[in-house]
Each structure stands twice: as structure tokens, then as C-alpha cells.
Amino acid sequence: DDCLKVADGNADLARKRVDDCAEQARLRADRDARALSVLRDELQRLEREAAPRQALRRHLEARAVEVRENVVVEDVAEDAWIDACAADLAAA
């Protein structure tokens, strides 16, 4: 009879430990879910803030390509003539 009381007591203690562990796991899961929600909200905010900058960057990059296409590269012969004139002036 005493063995049954001890066994019942051990079983009750084991159930309580299982219940406690389950409650701790549930609390951790709730905390992690809240943290994940906060991180998702922050990511969405950052993406919203970045969108105009990304559009501006694409626009500026396209404009830079247009400008580069319109830049006239100086003739190498002209550069040599300017260098020769500068040398003549320096020698004079």
C-alpha cells in the first residue's frame, strides 16, 4: 500500500514536471512568435523606406548611362598638339 502511494506521488510529480515543461515551451514559443512579428514589421518598414531610394538609384544609373553616351572623347591628336604647344611655351 505504501508502494502505491509512493508510485502515485512520483507519477503526480512527473506529471507536474511535464506540465511545467510544456508551459515553459509554450511561453518560449509565444515570446519567439512576438519577436518574429516585430522583426517582420521592421523588415517591412525598411523595405518601404528603401523603395524610393532604389527607384532613384535606378533612375540615376540610367541617366549616367545617357550622359556617358553623350560625352565626346577628345581626339588624341588634339591632346598631342596641346602638349606640343605647352612645351614650346615652356621653352620660350
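Now for a quick tour of the structure.

The rules behind the values
- Residues numbered from 1 in each chain as written.
- Predicted model: local features only at pLDDT ≥ 70, side-chain atom pairs only at ≥ 80, totals over all residues.
- Heavy atoms only, no water.
- Helix = DSSP H or I, 4+ residues; strand = E, 2+ residues; numbered from the N terminus.
- Rg over C-alpha atoms; globule rule 2.2 N^0.38 Å.
- Buried < 20%, exposed > 50% of the residue type's maximum accessible area, 1.4 Å probe, protein only.
- Areas by Shrake-Rupley, 256 points an atom, 1.4 Å probe, with all protein chains shown as cover.
- Lys, Arg positive; Asp, Glu negative; His and termini not counted.
- Charge placed at Lys NZ, Arg CZ, Asp CG, Glu CD.
- Salt bridge = Lys/Arg side-chain N within 4 Å of Asp/Glu carboxyl O.
- Expected span 1.5 Å × (residues − 1).
- Bend = angle between axes of the 7 residues up to and from the residue.

### Observations regarding the overall build of the protein
Here is step 1: Counting its regular elements, the protein contains 2 helices and 0 strands.
Here is step 2: In terms of C-alpha radius of gyration, the protein reaches 39 Å, well past the compact-globule figure of 12 Å for 92 residues.
Here is step 3: In terms of overall dimensions, the protein has a C-alpha envelope of 125 × 30 × 15 Å along the principal axes.
Here is step 4: Taking all 92 residues of the protein together, the buried fraction comes to 0%.
Here is step 5: Here the protein has roughly 8500 Å² of accessible surface; of this, 59% comes from carbon and sulfur atoms.
Here is step 6: A gap of 13 Å separates the mean positions of the 16 positive and 22 negative side-chain charges of the protein.

### What to know about the pattern of salt bridges
Here is step 1: All chains considered together, the criterion is met by 9 salt bridges.
Here is step 2: The salt bridge involving Arg15 is made with Asp12; its shortest N-O contact spans 2.5 Å. Of this pair, Arg15 and Asp12 both sit in helix α1 (residues 2-70), 3 residues apart, roughly one helical turn.
Here is step 3: Classification of Arg15 as partly exposed rests on a relative accessible area of 49%.

### Regarding the environment of Cys3
Here is step 1: As for its position among the elements, Cys3 is in helix α1.
Here is step 2: Residues Cys3 and Leu27, 24 residues apart in the sequence, show an inter-C-alpha distance of 36 Å.

### Overview of the environment of Asp79
Here is step 1: Inspection of the secondary structure assignment puts Asp79 in helix α2 (residues 76-91).
Here is step 2: Using a relative accessible area of 37% as the deciding quantity, one classes Asp79 as partly exposed.
Here is step 3: Counting along the chain gives 19 residues from Asp79 to Leu60, while the straight-line C-alpha distance between them is 31 Å.

### Re α1
Here is step 1: For α1, spanning 69 residues, the distance from its first C-alpha to its last is 99 Å, which sits close to the expected 102 Å at 1.5 Å a residue.
Here is step 2: Residue Ala50 marks the point of greatest curvature in α1, where the axis turns by about 30°; the proline Pro52 follows within four residues.

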